[in-house]
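One-letter residues, chain by chain:
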Amino acid sequence: MNDTTPAILLTEATASAYVAAAGFRVGPVGRVGVELEYCVRDPRRPSHRPAPAELLGLLAHLGSPLPGGSAVTVEPGGQLELSSSVGACLSDCTNALTADLALVRGVLAEHGLYLDGTGLDMARRPRLVTDHPRYVALAEYHDRSGARGRTVMTNSASIQVCLDAGTDGAEADDWSHFTRRWWLADAIGPVMMAAFANSPHVTRAGRRWVSYRQALRFGTDASRTRAPRRTGDPRQAWARYALAAKVAMVAPAGDDPAAAEPGARWHVPHGLTMRDWLRGHGPRPVTLSDLERHLGTLVPPVRPRGYLELRMLDQQAGDDWVVPAAVVTALLDDPEGAAAATAATEHLRSPLRRHRDWLAAARDGLADPATAAAALACFTAAQAVLARRRAPLPIRDAVASFADRYVLRGRCPADDAPQAPQRRPRRVGVVSAG
């Protein structure tokens, strides 16, 4: 998609078919990609947010992409994002990204800046550092329902692990089949969220969350943040989800390049779903660019974008980002790991009110005994896979160290933060349990 892409008009049927097909591009599994978001801090000026041009300027001499293949972008709150090149395997991806991250850290350190290894910046007020109309419109959309959405946009940082969608054909029970991988990613998702929760916060009502980043995200537009319903056909489920989701923005004149210029104003609709728009209730007909833009604003915990993008992971301290990348890859890309993860987590899935599972994981972490037991089983299985596959020793050591510090003790990184005084909450926290 670029400025010369024709403005292809869509019907509801063609849009649904496109989303279903584009969400799951099938083929052999094994490739790995990782995206790292970091809030950039200046200890000399605690409230300062380096501007995107400043950050990119400091790193420009490293090349684009970086020597290891990573792309560098800046998020709307000034968070720095490194998107790895696609590795043929876990070690290829992590080795290249580790080297690129070290270069970036070194350059920033020379200028008194550092990358904050937590999932949510609670020290600075949410603020956009960009005037790109896409982000201005998205912030306006979120602001209608409170400050949560803008906080997630500007103050949050995550790890996103990207794996192949899976194979197709008659082997629907095979561990590599896209249907089973979709189910398994959803099954292990709350457990991974709990194990790697690293954005603690106590609300005014006295409720403590270990992943307040994810709690805030769930507290925004539910049509774009909750996990899709589990059905027998992931493609159709994703298409229904995408078309039922509310549209956050409409760019002027569809594919007009001027729509991206600073100062351009995008339309921010009220309650318009993509299906409504396709049925003629929007400001103009829907183009393929409109649909792609809409898909990019959907942020469920697991997002199919041709591959599976696991988005429920808070950023970690130091180089512990390697741990969720290794654990998730071992559990989804290995038959024995997949079988063990299924056995450890499938019984935890609420049949009717699945959203409660995600909320509980964001709230309690591994303080819940059943979640803690599932996490321990998943980590044990992942370590066995990594050893059998002869993963590099630094990766195995990182997973073992994390398991010893947290999972074996029923703790997560958020538990390292000082405990705030607890009081009985008078009302439900930032999101409902329904």
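Here the structure is a predicted model, which means the values were calculated and not measured. (Residues numbered from 1 in each chain as written. Predicted model: local features only at pLDDT ≥ 70, side-chain atom pairs only at ≥ 80, totals over all residues. Heavy atoms only, no water.)

**As for the overall build of the protein chain**
Then comes step 1: Scanning the protein chain from N- to C-terminus turns up 16 helices and nine strands.
Then comes step 2: At 21 Å, the protein chain has a C-alpha radius of gyration in line with the 22 Å of a compact globule built from 434 residues.
Then comes step 3: With the principal axes as the frame, the protein chain shows a C-alpha extent of 60 × 55 × 55 Å.
Then comes step 4: Residues counted as buried form 53% of the 434 residues belonging to the protein chain.
Then comes step 5: For the protein chain, the proportion of contacts with a sequence separation of at least 24, taken over those separated by at least 6, is 77%.
Then comes step 6: As displayed, the protein chain offers around 18,000 Å² of accessible surface, 55% of which is attributable to carbon and sulfur atoms.
Then comes step 7: Within the protein chain, the 45 negative side-chain charges are centred at a point lying 8 Å from the centre of the 52 positive side-chain charges. (Helix = DSSP H or I, 4+ residues; strand = E, 2+ residues; numbered from the N terminus. Rg over C-alpha atoms; globule rule 2.2 N^0.38 Å. Buried < 20%, exposed > 50% of the residue type's maximum accessible area, 1.4 Å probe, protein only. Contact = heavy atoms within 4.5 Å. Areas by Shrake-Rupley, 256 points an atom, 1.4 Å probe, with all protein chains shown as cover. Lys, Arg positive; Asp, Glu negative; His and termini not counted. Charge placed at Lys NZ, Arg CZ, Asp CG, Glu CD.)

**Overview of the environment of Ala53**
Then comes step 1: Relative to the assigned elements, Ala53 resides in helix H2 (residues 52-59).
Then comes step 2: Residue classification places Ala53 among the exposed positions, given a relative accessible area of 64%.
Then comes step 3: In sequence terms Ala53 and Val286 are 233 residues apart; their C-alpha atoms lie 33 Å from each other.

**What to know about the side chain of His294**
Then comes step 1: Mapped onto the elements, His294 comes out in helix H11 (residues 288-297).
Then comes step 2: At 2.8 Å, the side chain of His294 forms a polar contact with the backbone oxygen of Ala242.
Then comes step 3: Beyond its immediate sequence surroundings of up to four residues, His294 is in contact with Ala242, Ala245, Lys246, Val247 and Met274. (Polar contact = N/O pair within 3.5 Å; in protein donor to acceptor, adjacent residues only side chain to side chain.)

**Regarding the packing of helix H4 (residues 133-143) against helix H5 (residues 148-155)**
Then comes step 1: Orientation of H4 relative to H5, taken along the N-to-C sense of each, is 145°, at an axis distance of 7 Å. Judged by residue contacts, Tyr135, Leu138, Ala139, His142 and Asp143 of H4 engage Gly149, Arg150 and Met153 from H5.
Then comes step 2: Here the contact of H4 with H5 is built from residues that sort into four nonpolar, two polar and two charged. (Axes fitted to C-alpha atoms, helices over the stretch in contact; angles between N-to-C directions. Nonpolar A, V, L, I, M, F, W, Y, C, P; charged D, E, K, R; others polar.)

**Some thoughts on the pairing of strand S3 (residues 80-83)**
Then comes step 1: Residues of S3 alternate between two faces, with Leu80 and Leu82 on one and Glu81 and Ser83 on the opposite face, all of them buried.
Then comes step 2: Looking at chain direction, strand S1 (residues 32-41) and S3 are connected through four bridges and run antiparallel. Each bridged residue has a counterpart across the sheet, and for Leu36 the counterpart in S3 is Leu82.
Then comes step 3: In this structure, the hairpin formed by strand S2 (residues 71-74) and S3 is closed by a connection of five residues, where Gly78 is found at a positive phi of approximately 90°. (Pairing = 2+ DSSP bridges.)

**Concerning the packing of helix H6 (residues 178-195) against helix H15 (residues 369-388)**
Then comes step 1: It is the contact of H6 with H15, at a shortest axis distance of 9 Å, that shows an interaxial angle of 95°. Between H6 and H15, the crossing angle belongs to the class labelled roughly perpendicular. Contacts between H6 and H15 pair Val191, Met192, Ala194 and Ala195 from the former with Thr371, Ala374, Ala375, Cys378 and Phe379 from the latter.
Then comes step 2: Tallied by class, the residues present in the contact of H6 with H15 amount to eight nonpolar, one polar and no charged. (Parallel < 35°, antiparallel > 145°, perpendicular 65-115°, else oblique.)

**Comments concerning unusual backbone geometry**
Then comes step 1: Ser64 connects to Pro65 through a cis peptide bond whose omega is 5°.
Then comes step 2: Phi is positive for Arg390, which is not a glycine, with a value near 55°.
Then comes step 3: Here Arg390 is to be found in the loop between H15 and helix H16 (393-405).
Then comes step 4: The exposed category is assigned to Arg390, whose relative accessible area is 73%.

**Side note on the nonpolar core**
Then comes step 1: Leu80, Met192, Leu331 and Phe379 are the most contacted members of the largest nonpolar core, which totals 106 residues.
Then comes step 2: Counting residues per element, this core draws most heavily on H6, at 10 residues.
Then comes step 3: Apart from residues no more than four positions distant in its own chain, Phe379 is found in contact with Ala195, Phe196, Val323, Val327, Val399, Phe402, Ala403 and Val407. (Core = buried A, V, L, I, M, F, W, Y, C linked by side-chain atoms within 4.5 Å.)

**Describing helix H1 (residues 12-23)**
Then comes step 1: The end-to-end C-alpha distance of H1, which contains 12 residues, comes to 16 Å, matching closely the 16 Å that a straight helix rising 1.5 Å per residue would cover.
Then comes step 2: Turning to H1, its buried residues are Ala15, Ser16, Val19, Ala20 and Gly23. End-on, the buried residues of H1 take up no more than an arc of 130°, which puts them together on one face.
Then comes step 3: For H1, the elements touching its buried residues are helix H9 (234-244), helix H10 (274-281), H11, strand S8 (302-304) and strand S9 (307-314). (Expected span 1.5 Å × (residues − 1). Arc of directions from axis to C-beta.)

**Looking at the pattern of salt bridges**
Pairing between side chains becomes possible if they bear opposite charge and their charged atoms approach one another.
Then comes step 1: In this structure the tally under the stated criterion is 33 salt bridges.
Then comes step 2: Taking the shortest distance from any N to any O, the salt bridge between Arg265 and Glu140 comes out at 3.3 Å. In this pair, Arg265 is assigned in the loop between H9 and H10 and Glu140 in helix H4, connecting sequence segments 125 residues apart.
Then comes step 3: A salt bridge links Arg208 to Asp415, with the nearest nitrogen and oxygen atoms 3.6 Å apart. Taken together, the positions of Arg208 in strand S7 (residues 208-209) and Asp415 in the segment after H16 put the pair 207 residues apart, joining distant regions of the chain.
Then comes step 4: Salt bridges here are not isolated pairs; linked through shared partners, they connect Asp186, Arg230, Glu346, Arg349, Arg354 and Asp357. (Salt bridge = Lys/Arg side-chain N within 4 Å of Asp/Glu carboxyl O.)

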